[in-house]
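Structural features, examined
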Amino acid sequence: MKWSVAGTAVKLYSDPSCKNEVGTKATDARTVYVKGVTKGGKATVTVKSNTDDNKRASAVFTVVPHAFEYTASSNTITATCTLDDCPLKRGDTRYSERLSIIAPSKPVYTGAAFPATLAMSHSYSEFAEFTSLPAIKYQKKDGETWGAATQTVPVEPGTYRASVTLKPASGSAITGSVEYEIAKARLLEWSVKQVGVLTYTGKPQTPKVTTAVKSVNKQPVTFTYSRTYDGPYSEAVPSVTNVSECGGFFCFKVSAPFHEDAIGLFRINMQKAKAPAVVVPTLKSMTYDPHTTLADIPLTGGWMGDGKHRAHRGPNRLSRGAGGRRRQLRLHRREGRRQPQRQRSRVRRGEDRQHQRPSPPEHQRLDLRRRSRRACAEE
Ligand SMILES: [Zn+2]
């Protein structure tokens, strides 16, 4: 069979989806599909014998358009054909097509646009009498009021209504719409930490802090601070005299446009005031002299004797009692460790001897001290 059709834009196909075109050459196709006939238009299809062009038949097809009626229910517009003799009517069920406007799924702010999309109940691109569909329009809700409808696809967090409005050749316009919300993004990996440690001074001090935050979708971030969770928050870190006045923590808030605020705590590190370092002078050795006072003895680190305690023959602060003696001997022992083995052991023996002895009378005590000093000098 050889198929042909009259009309410039009209073509024949061997499949219902009109992809495999039937040309003018002989084909086995017994059924052909016509595409390109305008609604209400006509097409003349002719079929001839493969071998004899005189064996032919023609038929004229008139494309009768559906008579659509439109209804809208929330996000779906339904077009129903009202023709009683509509060839696509199935029993009592009239032929219908549906167009739905679909919201994006759980959008969260990223800086990108979140468009609504259109979906149809059928696979071809037309809907009812429309060969092309109007653009989706968006409105943003401000309080209880909807803003102006524009084609700008929403980016920022907020509540939006997306709608599509069709204007049939007859009848009134029909609109399907859907509402959705773009949520604020969450800030991730934020932190505030104190830099260094404050030292208590009795006066208010402001802790220095370092801040960090990740995932802000290229928005500027602001850190604000408060003594209490409920605020008020300000960009300046509060001052603190004593950590106990605020429980050892300050509150902070991390803010960025289109993001949820994040609130956290950071610890205030304050240490007690440090006592100044004191280096006590060491008196390594002295030579007995009844006319010498403590004020005459040179001391290290700027220390000096007060001159009241005269180093006379009787007991005084440097020599009195067993404790003073032991202290002096310990000094010797410490020095002895740096000495060769032989000398060190000699000092140790001398020490032991003195410990074993009963406390000597006063005049002997001075002798012992002299002997110790001699040992020290020898070393
Ligand atoms: Zn119909």
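Thresholds, definitions, all that
- Residues numbered from 1 in each chain as written.
- Predicted model: local features only at pLDDT ≥ 70, side-chain atom pairs only at ≥ 80, totals over all residues.
- Helix = DSSP H or I, 4+ residues; strand = E, 2+ residues; numbered from the N terminus.
- Contact = placed C-beta atoms within 7 Å.
- Pairing = 2+ DSSP bridges.
- pLDDT = per-residue confidence, 0-100.
- Core = buried A, V, L, I, M, F, W, Y, C linked by C-beta atoms within 7 Å.
- Buried ≥ 20, exposed ≤ 12 C-beta atoms within 10 Å, placed from the backbone.
- Axes fitted to C-alpha atoms, helices over the stretch in contact; angles between N-to-C directions.

1. Comments concerning the overall build of the protein chain
A tally of regular secondary structure across the protein chain gives 3 helices and 21 strands. Put simply, 49% of the contacts in the protein chain that link residues at least 6 apart link residues at least 24 apart.

2. Examining the sheet that holds strand E12 (residues 145–146)
One open sheet accounts for 4 strands, arranged E12-E11-E13-E14; its pairing is antiparallel. Two strands lie at the open edges of the sheet, namely E12 and strand E14 (174–182), each paired on one side alone. In this structure, strand E11 (residues 137–142) lies alongside E12, joined through 2 bridges in antiparallel fashion. The partner of Lys-141 across the bridge, within E12, is Trp-146.

3. Examining the confidence of the model for the protein chain
For the protein chain, the mean per-residue pLDDT works out to 80, and 73% of the residues sit at or above 70. Counted against residues more than four places away or in other chains, residues 310–379, with its pLDDT under 50, gives 44 contacts.

4. Quick notes on the nonpolar core
For soluble globular proteins, the rule of thumb is that nonpolar side chains tend to be buried together. Counting residues in each nonpolar core, the largest one holds 18 residues, and the members touching the most others are Ala-79, Ile-101 and Ala-162. Taken together, the elements giving at least two residues each to this core come down to strand E8 (76–81), strand E9 (96–102), strand E13 (158–166) and E14. For this core, the element with the most residues is E13, which contributes 4 residues. Among residues more than four places away in sequence, those in contact with Ile-101 are Asn-75, Ala-116, Leu-118, Ile-136, Ala-162, Ser-163, Val-164, Gly-176, Ser-177 and Val-178. Counting 15 residues, the second-largest nonpolar core is a separate cluster that includes Leu-187, Val-240, Cys-251 and Phe-266.

5. Notes on the pairing of strand E5 (residues 42–48)
On a regular strand, each side chain points to the face opposite its neighbour's, so the side chains alternate between the two faces of the sheet. Here strand E1 (residues 2–6) runs beside E5; their pairing, made up of 5 bridges, is antiparallel. In the sheet register, Val-5 faces E5, and the bridge partner there is Val-45.

6. Re the sheet that holds strand E19 (residues 249–255)
Sheet architecture is open: 3 strands sit in the order E18-E19-E20, paired in antiparallel fashion. For this open sheet the edge positions go to strand E18 (222–226) and strand E20 (262–267), each flanked by a neighbour on one side alone. Across the sheet, the axes of successive neighbouring strands diverge by a mean angle of 30°, strand direction being ignored. Strand direction decides the pairing type here: E19 and E20, joined by 6 bridges, are antiparallel. Along E20, the bridge assignment pairs Phe-249 with Arg-267.

7. So, unusual backbone geometry
Omega for the peptide link from Gly-231 to Pro-232 comes to 5°, which places this bond in the cis form. As for its placement among the helices and strands, Pro-232 is situated in the loop between E18 and E19. One non-glycine residue, Ser-74, adopts positive backbone phi at about 45°. The residue Ser-74 is located in the loop between strand E7 (68–73) and E8 in this model. When the 11 C-beta atoms within 10 Å are taken as the criterion, Ser-74 is described as exposed. If you check the backbone angles, Phe-258 has positive phi at about 70° while not being a glycine.

8. A look at the environment of Glu-181
Looking at the element boundaries, Glu-181 is found in strand E14. Considering only alpha carbons, one finds Glu-181 and Phe-114, 67 residues apart in sequence, at a separation of 9.9 Å.

9. Describing the environment of Ala-162
The topology assignment puts Ala-162 in strand E13. Look at Ala-162 and you get buried, because 26 C-beta atoms sit within 10 Å. The spatial distance from the C-alpha of Ala-162 to the C-alpha of Ser-177 is 5.5 Å, given a sequence separation of 15 residues. Residues within four places of Ala-162 in sequence aside, it is in contact with Ile-101, Ala-103, Ala-116, Ile-136, Tyr-138, Ser-177 and Val-178.

10. Focus: the environment of Ala-183
Tracing the chain through its elements places Ala-183 in the loop between E14 and strand E15 (188–194). For the pair Ala-183 and Tyr-109, spaced 74 residues apart in sequence, the C-alpha separation works out to 6.0 Å. Contacts of Ala-183, omitting those with residues within four sequence positions, involve Pro-107, Val-108, Tyr-109 and Pro-157.

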